[in-house]
2 protein chains.
Amino acid sequence: MSNYTPLSELGEFGLIKLIKDKIEVKHQESTIKGIGDDAAIIEPQEKQLVVSSDMLLEGVHFDLTFCPLKHLGYKAVAVNVSDIAAMYAKPTQITVNIALGARYTVEAVEELYEGINLACENYKVDLVGGDTTSSRAGLVISVTAIGEVAKGEAVQRSGAQVNDLICVTGDLGAAYLGLQILEREKQAFMANPEMQPELEDKQYIVGRQLRPEARMDVVHEMKDKGIRPTSMIDVSDGLASELFHICSQSGVGATIYRENLPVDEQTLEAAMEFNLDPITCILNGGEDYELLFTVPLADYDKIKNHPDFTIIGKITEASEGINLANKHGQAFPLQAQGWKHF
Amino acid sequence: MSNYTPLSELGEFGLIKLIKDKIEVKHQESTIKGIGDDAAIIEPQEKQLVVSSDMLLEGVHFDLTFCPLKHLGYKAVAVNVSDIAAMYAKPTQITVNIALGARYTVEAVEELYEGINLACENYKVDLVGGDTTSSRAGLVISVTAIGEVAKGEAVQRSGAQVNDLICVTGDLGAAYLGLQILEREKQAFMANPEMQPELEDKQYIVGRQLRPEARMDVVHEMKDKGIRPTSMIDVSDGLASELFHICSQSGVGATIYRENLPVDEQTLEAAMEFNLDPITCILNGGEDYELLFTVPLADYDKIKNHPDFTIIGKITEASEGINLANKHGQAFPLQAQGWKHF
């Protein structure tokens with residue numbers, strides 16, 4: 001009755017061939033040889049390369065009861081491209097290692113690679129290699145992304161200067177509250193499988209959780225506008241935690257303004273529903289994959305009215321610490337929570 | 001009583017710092033920036049890069065009851081360096097993603113990274129990044145290795161020509177029989193924990209399983225001697241399977257000679273003990289991480305008396321198929337089994 005094909009019918013080489021056949025597009029000139037040998041061959045010419053690697057595990061980073069495999073594939077690529085974006089670089093190649101349980105079907109793997117493929121299309125990266133293996137536990141996806149940047153142009157976490165403006169792209173806290181919604185609907189569904197999920201007015205925040213985008217659009221725009229941040233990091237663990245990284249590596253302090261933190265209406269509504277402090281969600285929610293960056297005061301005019309950028313604070317002397325100020329000018333030391341995986 | 005520290009005491013950032021502190025050596029000029037930012041920065045100059053990625057999962061690729069964490073860390077690096085070696089390239093950087101269960105201690109992670117570090121020392125590669133996360137199942141290690149090679153010098157699987165000599169480094173089948181020994185001793189130990197493992201006359205083959213080496217020594221020597229193979233692959237899945245890859249990608253056939261296949265005395269003895277056909281172990285055992293390569297007949301003099309190289313056959317027309325010949329000149333079609341993970 002079922003049209004699903006067990007992976008065992010295909011075998012490892014069959015699976016590699018299926019993946020190779022799906023991924024035969026070449027976006028980057030620097031890709032000399034992709035999948036099919038012991039290693040891929042890349043020719044970066046005069047460029048510097050940036051390399052970043054992340055791993056997603058079922059039951060830790062995603063829950064397949066509400067995360068479609070296609071979205072998961074997309075997200076696995078996007079979160080790595082986000083790291084490349086945060087270096088002010090252009091992504092060029094990725095490798096993808098996946099481990100699959102025996103219960104996976106060929107169709108499930110195709111769905112996963114559809115998402116990976118779509119992300120490769122959108123970000124113009126070539127999937128040049130990787131490994132497929134079995135897993136006794138859940139699905140594991142490990143991605144390494146490679147990008148290129150002109151010599152000396154990469155933006156590190158360590159370049160923030162006193163009096164720089166602290167900026168962030170997009171809005172924050174949505175992905176975290178999207179996850180709360182999904183978890184709640186899962187519980188409701190498990191209690192009563194007839195129940196339809198109530199996601200109609202939550203589509204934005206749920207989408208932010210399930211299918212985040214790397215802000216490559218912003219990086220391209222920065223380059224067009226001649227904005228080169230003094231420091232940059234992507235918001236994966238939460239704004240507060242990322243700000244701590246920039247401050248500690250740059251040897252500076254920071255003050256950010258509570259009233260300036262960008263947040264979507266749906267995020268605020270969901271925070272109310274869950275009786276959560278929206279500021280805590282914004283500061284510590286994580287998984288927004290926006291870019292947190294600093295620019296010199298002189299760039300103020302390039303930044304101020306841009307719809308994608310919000311100025312949220314300024315860099316201070318290290319001795320002043322890292323603070324959150326309210327509209328009355330009172331400042332309180334910020335706590336970085338980040339994600340506790342252990 | 002115990003001196004072990006649970007990972008939860010250290011936290012994720014503490015763990016990253018511990019790893020970063022352990023790995024502060026820089027072997028390669030091309031490493032501009034290692035661990036500590038969104039991505040590492042590499043400057044390959046005029047070189048082409050090769051990139052390869054592999055993932056090892058507990059319960060699938062290794063068994064911690066008999067595989068010490070230090071060896072595992074070493075092996076995770078070595079198997080990736082082996083792919084770089086098989087491209088005729090020099091390894092330069094790696095990224096390492098690890099997922100650990102909550103039961104892991106700080107000391108266990110240190111042991112794992114001691115092995116990773118030792119491999120980085122031996123192969124002169126820089127650990128430039130990666131991800132540490134928790135796992136609900138076992139330990140997962142995903143490594144991406146980057147190497148460099150002069151433009152156009154990489155050796156692919158597709159270059160074998162009719163009449164080329166087929167050569168292999170070292171000996172084959174040992175890692176597979178080492179695994180059989182370890183599995184047997186594990187069973188014996190589980191039946192009777194008082195029992196001491198009998199490994200005295202098995203050290204070579206057990207070592208081949210637990211701590212394989214990438215044959216970078218051979219690649220350096222080839223370069224010194226002016227040998228550039230027409231095709232090359234590392235023996236991870238078994239000689240037969242690798243030979244099929246070379247033949248299918250080069251569009252050729254092959255005949256290898258049973259009598260010429262290099263094997264160690266311990267491998268033969270262990271095969272007898274387990275009542276296994278040693279030729280099957282040599283052809284399909286896998287995990288030897290030797291190099292299988294082809295050279296033009298003209299290179300015969302450079303190869304013939306070299307202690308590390310064995311000429312095992314020759315490349316033929318594709319129409320002749322892939323065969324195993326015995327000393328009486330009879331040839332039988334070869335079967336490629338490889339590893340069945342699914």
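First things first, this report covers the structure right here in the doc.

Cut-offs and rules
Residues numbered from 1 in each chain as written. Chains lettered and ligands numbered in written order. Predicted model: local features only at pLDDT ≥ 70, side-chain atom pairs only at ≥ 80, totals over all residues. Heavy atoms only, no water. Buried < 20%, exposed > 50% of the residue type's maximum accessible area, 1.4 Å probe, protein only. Helix = DSSP H or I, 4+ residues; strand = E, 2+ residues; numbered from the N terminus. Pairing = 2+ DSSP bridges. Axes fitted to C-alpha atoms, helices over the stretch in contact; angles between N-to-C directions. Contact = heavy atoms within 4.5 Å. Salt bridge = Lys/Arg side-chain N within 4 Å of Asp/Glu carboxyl O. Buried area = accessible area lost by both parts, 1.4 Å probe. Polar contact = N/O pair within 3.5 Å; in protein donor to acceptor, adjacent residues only side chain to side chain. Nonpolar A, V, L, I, M, F, W, Y, C, P; charged D, E, K, R; others polar. Least-squares fit on C-alpha atoms with pLDDT ≥ 70 in both. Parallel < 35°, antiparallel > 145°, perpendicular 65-115°, else oblique. Left-handed = near helix turned anticlockwise from the far one by under 90°.

### Digging into the pairing of strand β9 (residues 253–257) of chain A
All names here are of chain A. Most of β9 sits out of view: four of its five residues are buried. Examined bridge by bridge, β9 and strand β11 (residues 309–316) share four bridges and lie antiparallel to one another. Of the residues in β11, the one forming a bridge with Gly 253 is Thr 316.

### Looking at the sheet that holds strand β7 (residues 165–169) of chain A
Residue and element names in this part refer to chain A. A sheet is described by the order of its strands in space; here seven strands give the open sequence β8-β10-β7-β11-β9-β12-β13, paired in mixed fashion. Pairing within the sheet leaves two strands with one partner each, and these edge strands are β8 (231–234) and β13 (331–333). Sheet twist, expressed as the mean angle between neighbouring strand axes with direction ignored, is 25°. Two elements, β9 and strand β12 (residues 322–325), share four bridges in a ladder whose sense is parallel. What sits directly across from Ala 254, in β12, is Ile 322. Against the sheet, helix α2 (residues 69–85) contacts β8 and β10 (291–295), and its axis sits at roughly 175° relative to β8. Contacts from helix α6 (residues 216–225) reach β7, β8, β10 and β11, with the element oriented near 20° to β10.

### Quick word on the pattern of salt bridges
Under the definition given, this model contains 41 salt bridges over all chains. A:Lys202 is the salt-bridge partner of A:Asp201, the closest N and O atoms lying 3.2 Å from each other. Using a relative accessible area of 7% as the deciding quantity, one classes A:Lys202 as buried. Where B:Lys225 meets B:Glu221, a salt bridge forms, and the shortest distance between an N and an O atom there is 3.5 Å. Residue B:Lys225 and its partner B:Glu221 are located together in helix α6 (residues 216–225), separated by four residues, close to a single helical turn. According to the relative accessible area criterion, B:Lys225 is partly exposed, its value standing at 39%. Classification of B:Glu221 as partly exposed rests on a relative accessible area of 23%. Within the structure, one salt-bridge network assembled from shared partners comprises A:Arg208, A:Arg215, A:Asp217, A:Asp288, A:Glu290 and A:Asp308.

### What to know about the interface of chain A and chain B
Across the contact, 68 residues belong to chain A and 68 residues belong to chain B. Across the chain A to chain B interface the summed buried area is about 5500 Å²; carbon plus sulfur atoms make up 55%. The interface formed by chain A and chain B holds six salt bridges in total. The partner of B:Glu43 in a salt bridge is A:Lys151, and the shortest N-O contact between them spans 3.0 Å. Here chain A is connected to chain B by 28 residue pairs in polar contact (both at pLDDT 80 or more). Here the side of chain A that touches chain B takes nine residues from strand β3 (residues 48–57) of chain A, the largest share from any one element. The residue makeup of the side of chain A that touches chain B, split by class, is 31 nonpolar, 22 polar and 15 charged. Across three bridges, β3(A) lies against strand β2 (residues 40–42) of chain B in antiparallel orientation. Bridge assignment links A:Val51 to a residue of β2(B), and that residue is B:Ala40.

### Quick notes on the sheet that holds strand β6 (residues 140–149) of chain A
An order of β5(A)-β4(A)-β6(A)-β3(A)-β2(B)-β1(B) is seen for the six strands of this open sheet, with the pairing classed as mixed. Both edges of this open sheet fall to β5 (126–134) of chain A together with β1 (31–33) of chain B, since each of them pairs with a single strand only. Taken pair by pair, the neighbouring strands of this sheet meet at an average axis angle of 20°, ignoring direction. Bridge analysis of β1(B) against β2(B) gives two bridges, and the strand direction is antiparallel. Residue pairing for β2(B): B:Lys33 is matched across the bridge by B:Ile41. Packed onto the sheet, helix α3 (residues 106–123) of chain A meets β4 (90–100), β5 and β6 of chain A and runs at close to 170° relative to β4(A).

### A closer look at the side chain of B:Ser53
Within the secondary structure, B:Ser53 sits in strand β3 (residues 48–57). With relative accessibility at 5%, the residue B:Ser53 sits in the buried group. A polar atom in the side chain of B:Ser53 sits 3.0 Å from the side chain of A:Asn97. There is a polar contact of 2.8 Å between the side chain of B:Ser53 and the side chain of B:Thr144.

### Some words on unusual backbone geometry
Even without being glycine, A:Glu287 reaches a positive phi, approximately 65°. Looking at the secondary structure, you find A:Glu287 in the loop between α9 (278–284) and β10. One non-glycine residue, B:Tyr289, lies in the positive phi region at around 55°. By the secondary structure assignment, B:Tyr289 is in the loop between α9 (278–284) and β10 (291–295). On the basis of relative accessibility, which here comes to 10%, the residue B:Tyr289 falls in the buried class.

### A closer look at the relation of the copies chain A and chain B
The operation relating chain A to chain B is a screw motion whose rotation component is 180°, with 0.0 Å of axial translation and a residual RMSD of 0.0 Å. The transformation relating the two chain copies, once decomposed into turn and shift, fits a two-fold axis. When each C-alpha of chain A is compared by its distance to the rotation axis, A:Ala137 comes out closest, at 2.9 Å. Here 100% of the contact residues of chain A are again contact residues in chain B; the copies associate through an equivalent surface.

### Section: the pairing of β3(A)
Along any regular strand, the residues point their side chains to alternate faces of the sheet. Residue and element names in this part refer to chain A. When you tally the buried positions in β3, you get ten out of ten residues, the bulk of the element. Taking every second residue as pointing to the same face, both faces of β3 are buried, with Gln 48, Val 50, Ser 52, Asp 54 and Leu 56 on one and Leu 49, Val 51, Ser 53, Met 55 and Leu 57 on the other. In this structure, β3 lies alongside β6, joined through ten bridges in antiparallel fashion. In the strand pairing of β6, Ser 53 is matched with Thr 144.

### Quick notes on the packing of helix α4 (residues 174–191) of chain A against helix α8 (residues 265–273) of chain A
Residue and element names in this part refer to chain A. Following both chains from N to C, one finds α4 and α8 inclined at 50°, their axes separated by 9 Å at the closest point. Between α4 and α8, the crossing angle belongs to the class labelled oblique. At the point where α4 passes α8, the crossing takes the left-handed sense. Here α4 contributes Ala 174, Leu 177, Ile 181 and Arg 184 to the contact with α8, which in turn contributes Thr 267, Ala 270, Ala 271 and Glu 273.

### A look at the packing of helix α5 (residues 203–210) of chain A against α8(A)
Residue and element names in this part refer to chain A. Interhelical geometry of α5 versus α8 gives an angle of 95° and a closest axis separation of 8 Å. The angle between α5 and α8 places the two elements in the roughly perpendicular class. In this structure, α5 uses Gln 203, Tyr 204 and Ile 205 to contact α8, whose residues at the interface are Gln 266, Thr 267 and Ala 270. Its residues assigned to classes, the contact of α5 with α8 comprises three nonpolar, three polar and no charged.

### Some remarks on the environment of A:Leu165
Residues and elements named next belong to chain A. For Leu 165, the position within the fold is in strand β7. Along the chain, Leu 165 and Ala 191 lie 26 residues apart, while their C-alpha atoms are 49 Å from each other. Excluding anything up to four places from it in sequence, Leu 165 contacts Phe 293, Thr 294, Val 295, Pro 296, Leu 297, Tyr 300, Ile 311 and Gly 313.

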